[in-house]
Amino acid sequence: MNKNKVGRIILEIGMVLLSILFLYPLFLTINNSLKSFSEVMTDVIALPKKLAFENYSYVWEFINYPRLFLNNTVITVLGLAGIVLISSIAAYKLARTKSRASSIVYFICIMPMLIPFQSIMLTVLQMAKSFHLSDSTWGLGILYWGFGAPLALFIYHGFVKGIPREIDESATIDGASGFRLFFSVIFPLLKSVTTTIIIIDVMWIWNDFLLPLLMVNGSPATKTLTLAAYTFVGQYTSDWQYAMTAMVMAVLPSIIVFIFLQKYIVKGVVAGAVKG
């Protein structure tokens, strides 16, 4: 057995162990979502003696899952649409404008990635209230534009720099310019990196907890699925089996999206690295 094969086996074993380490919390969540309250309090790690599927039916009705699922969908779709549209157009314009001012604007646009949300969340909350964006799903979706655009702009910018300028010139000669040039010629070329950004932001927006807690936690009609899981955790008593069930039901859609589209993440990142 040569050294390369031994090294490959060791690497695979290490990856399997690392995967188990990361999946173990998910296993505990699913495991405890199928237990009764007494079983959860007795032993968190043990397998359930009897599968309590009634936890799921109870949580479905108690939190009004279809309504909260719709809220999550509206927030995620609106947030994604704004992030992709704003960041792609800005990245194209900044990448095509070769000047010192353009470089300064680019660095200013991506600097928010370095600022922790916790340090500005109270200011954001006050501004959201001033612009009547709080306590509404569409307002929360708009807020994600500002938080998601810097990273998306950074990714798009590196990709656009690899697109030859001759494509722009050819399209201009054919009569396309401005927004028509971008949406008809450039944006289709950004398909792979756009898919990567969409997947990353779906996982983030769908499962986000802190920003929805600040913005839409005042009314049951505007809550998200992750906030619904928090309703089962109280100051004096907590229904952990229902909290785990609600969490599984909350993250399951994003996990399904990730499973079916994960190959595009690698494809988009590799394409961006080569072109950038």
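This report concerns the structure included in the present document. (Residues numbered from 1 in each chain as written. Predicted model: local features only at pLDDT ≥ 70, side-chain atom pairs only at ≥ 80, totals over all residues. Heavy atoms only, no water.)

By the definition in use, this model includes 1 salt bridge. Between R96 and D168 there is a salt bridge whose closest N-O contact spans 3.1 Å. In this pair, R96 sits in helix α4 (residues 65-96) while D168 sits in helix α8 (residues 165-173), placing the two residues 72 residues apart along the sequence. In this pair, the class of R96 matches that of D168, namely buried. (Salt bridge = Lys/Arg side-chain N within 4 Å of Asp/Glu carboxyl O. Helix = DSSP H or I, 4+ residues; strand = E, 2+ residues; numbered from the N terminus. Buried < 20%, exposed > 50% of the residue type's maximum accessible area, 1.4 Å probe, protein only.)

Our focus in this paragraph is unusual backbone geometry. At H132, a residue that is not glycine, the phi angle is positive and equals roughly 60°. As for its placement among the helices and strands, H132 is situated in the loop between α6 (121-130) and α7 (137-160). Positive phi outside glycine occurs at D135, with the angle close to 60°. Mapped onto the elements, D135 comes out in the loop between α6 and α7. A relative accessible area of 47% places D135 in the partly exposed class.

This paragraph deals with the packing of aromatic side chains. Overall, the coordinates contain 17 aromatic pairs when judged by the stated rule. Centre to centre, the rings of Y58 and F62 are 5.6 Å apart; their planes meet at 15°, and the pair counts as stacked. Of this pair, Y58 and F62 both sit in helix α3 (residues 54-62), 4 residues apart, roughly one helical turn. Taken together, the ring pairs connect Y92, F179, F182, F183 and F187 into an aromatic cluster. (Phe/Tyr/Trp six-rings, centres within 6.5 Å; stacked < 30°, edge-to-face > 60°.)

With their axes 10 Å apart at the nearest point, α4 and helix α10 (residues 191-207) run at an angle of 140° to one another. Here α4 lies oblique to α10, going by the angle between them. When you trace α4 past α10, the crossing you get is right-handed. Mapping the contact onto sequence places F69, N72, T73, I75, T76, G79, L80, I83 and V84 in α4 and T194, I198, D201, V202, W204, I205 and W206 in α10. Tallied by class, residues from the contact of α4 with α10 come to 10 nonpolar, 5 polar and 1 charged. (Axes fitted to C-alpha atoms, helices over the stretch in contact; angles between N-to-C directions. Parallel < 35°, antiparallel > 145°, perpendicular 65-115°, else oblique. Left-handed = near helix turned anticlockwise from the far one by under 90°. Contact = heavy atoms within 4.5 Å. Nonpolar A, V, L, I, M, F, W, Y, C, P; charged D, E, K, R; others polar.)

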